Structure formats: structure tokens, C-alpha cells
Amino acid sequence: MNLYKLSPVREGSPNCKFCAGVGFFLEENVKNSSSGILLLCSCVGESCPCGGKAPYMVYDESQNRMLPCVCHNARIELAKVEYLVKKAGIPSKYKYRTLKSMDTTHLSFLAAYDWAETLVDKWNSSGTIRQGLYLWGATGSGKTLLACGILNELILRYGTECRYAKINRDFLSTIRDSYQKESELHGMEQTIKKQFTDVEVLVLDDFGANKESDWANSQLYDLIDARYEEEKVTILTSNIQAKDWKDKAEGRIYSRLLEMAEIIHLDCPDYRESHNVFGTH
Ligand SMILES: [Zn+2]
Ligand SMILES: [Zn+2]
């Protein structure tokens, strides 16, 4: 798939039929991978003088100094995208899955899709108020797919710093670990919380799947509250509807959710099963 409409990078040859001028493209048919990989396009790197060796410089005799190879910028841009996707912790089966590759025939999916597309399209427009999302529905309704689609597009289009986290495994458990003397995370509670608060866009997957305790609920409240105050976008996916939060944590989480997020219900059972990744499997 060429990334012309997604990436602003133009390091390839404008008429190239593989990359349409970007300089790299998404190879979707990769053995043992549902996500595909980014490849440098042959219009940039075919037998380039540096041979693909970092830092992609070549010696120029006439100027008697090292100059960037023809492949330099395209490789750097490609590596930037790979780095941001890796740092975001997007699960491998959702890597590089963009909104455009998703099936929108189901009406309830379409509503969430429209919301996502608007957020991504208007990301850098001045005067837009960026809102969060509370996306709820049964397992298999496509919540995680859609949430990761937003992250992938923000990374490709704007180089935005994103993070995907499962609420228990990546957030609550990590904080619990920081209380354990023998853990390598010991004493890191504030650092962990700061990372979660500071990242530009955060997906919290399985919100509410934690064992309920006052401690867990107050951690969740503090996190979404801090992000709300910092005007950062938070995307929550959950199996429970937002109003079920009314009776939990004295309603504090619920009232924050209403202020910070659009609430959308995904009512498409087995989205994952019925639609293949790129329609090619
Ligand atoms: Zn090309
Ligand atoms: Zn080169």
C-alpha cells in the first residue's frame, strides 16, 4: 500500500508506482505477520552508494567531505515512523492498521469511525478542541482495532507521540510493582504516572476490567483527571457502558468521562472475525 495520502514525506520519485513519491511503503503480504512492514522503496534505495549503512553518508571527492546519501532522508523518515509505533506499544497485529483499511459497512462502527476520522483530520487545525473517546462494546466489536487505527494515523501523518496500554497489565500492575522492594520498578511510581500523563495521545484498553478496589479506581480517576487538566487526548475502550461508572468511585470517574470524552457504543459482534485485515487472507 502506498502511503501517499497518509504520510507527508516526499523523499521518493514522484511518479513511482510503489510509493507514489513518499520514499517508503507498507508491504502488507508478509509471512507470519498480519500488520505488514514498512519498506524503503526501490526508487530511493536501489544500489545507493552507502549500501544502506547508517548513518547513510557518502564521501564526496569534489568537496572532500561526507554528504548525505540519496537514501538518507527517506531512511530517517521511515525509521522515525517505526520508532514511534514501537514506542507507542501498539500490539503487533494492529501495527500500521489505518482507518482507511477498515470495513465500515456496519452502522455502529461507522459512527465511531467518523469520530476517529474527524479527530485525525483536524488534529493540527487551529481552534479545534480535541476531545477524548469512550468506546464501549462487547469483546470482538473492533474497539482495540479502531483505537489503534487512530494512533497509527496520528503517527504516520503528524509524528504524534502516542501510547497504547492495557489498563491492568501496563498501568495498574506497573504501579503496584513500584511498591515492591525487589522490583526493578521500585520507587518509580511518580515516573510511571508522569509518562502516562504526559504522552500526547493515550489509549487505555479494557478500562474497567480491573478488579474493583478503591485503590484502583482512585488511580484511574487521578490519571484521567490529570490528562484532562493537561488537555491531552485519552481514548478509553471498555466492555461496560459509561453510565455503569455512576455507582463506582462516588461517581467521580463518571463525571470526568462526561466532560472529557465522546461516548460511542460499538454494537458489531465479531468484527475481528468477520473482516480480514486487508481483505487478502
Ligand atoms: Zn518509490
Ligand atoms: Zn544510501
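This one's a predicted model, so the numbers in the text were calculated from it and none came from an experiment.

Let us look at the overall build of the protein. Counting its secondary structure elements, the protein contains 9 helices and 9 strands. Principal-axis analysis of the C-alpha atoms places the extent of the protein at approximately 75 × 50 × 40 Å. A buried classification covers 37% of the 281 residues belonging to the protein. Counting contacts in the protein only where the partners sit at least 6 residues apart, residues at least 24 apart contribute 68% of the total.

In this structure, C43 sits in helix α1 (residues 42-45). The exposure class assigned to C43 is buried, which follows from the 22 C-beta atoms found within 10 Å. On a C-alpha basis, the gap between C43 and L6 in space is 19 Å, while along the polypeptide they are 37 residues apart. Sequence-distant contacts of C43, that is, excluding residues within four places in its chain, are made with G12, S13, C16 and C19.

All right, on to the packing of helix α2 (residues 72-88) against helix α4 (residues 143-158) then. Across the interface, α2 lies against α4 with an axial gap of 9 Å and an inter-helix angle of 150°. One way to sum up the angle between α2 and α4 is to call them roughly antiparallel. Seen along the crossing, α2 lies across α4 with a hand that is right-handed. Of the residues in α4, those in contact with V81, L84, V85 and A88 of α2 are L151, I155 and L156. Of the residues assigned to the contact of α2 with α4, the class counts are 7 nonpolar, no polar and no charged.

Further remarks concern the packing of helix α7 (residues 214-229) against helix α8 (residues 252-260). Two elements in contact, α7 and α8, have axes separated by 10 Å at closest approach and are oriented at 25°. Considering the angle they form, α7 stands roughly parallel to α8. Handedness of the α7/α8 crossing: left-handed. In this structure, α7 uses N217, L220, Y221, I224, D225 and Y228 to contact α8, whose residues at the interface are R252, I253, R256, E259 and M260. Classifying every residue of the contact of α7 with α8 by side-chain character gives 6 nonpolar, 1 polar and 4 charged.

About the thresholds
Residues numbered from 1 in each chain as written. Chains lettered and ligands numbered in written order. Predicted model: local features only at pLDDT ≥ 70, side-chain atom pairs only at ≥ 80, totals over all residues. Helix = DSSP H or I, 4+ residues; strand = E, 2+ residues; numbered from the N terminus. Buried ≥ 20, exposed ≤ 12 C-beta atoms within 10 Å, placed from the backbone. Contact = placed C-beta atoms within 7 Å. Axes fitted to C-alpha atoms, helices over the stretch in contact; angles between N-to-C directions. Parallel < 35°, antiparallel > 145°, perpendicular 65-115°, else oblique. Left-handed = near helix turned anticlockwise from the far one by under 90°. Nonpolar A, V, L, I, M, F, W, Y, C, P; charged D, E, K, R; others polar.

Interpretation in functional terms is not warranted from these geometric data alone.
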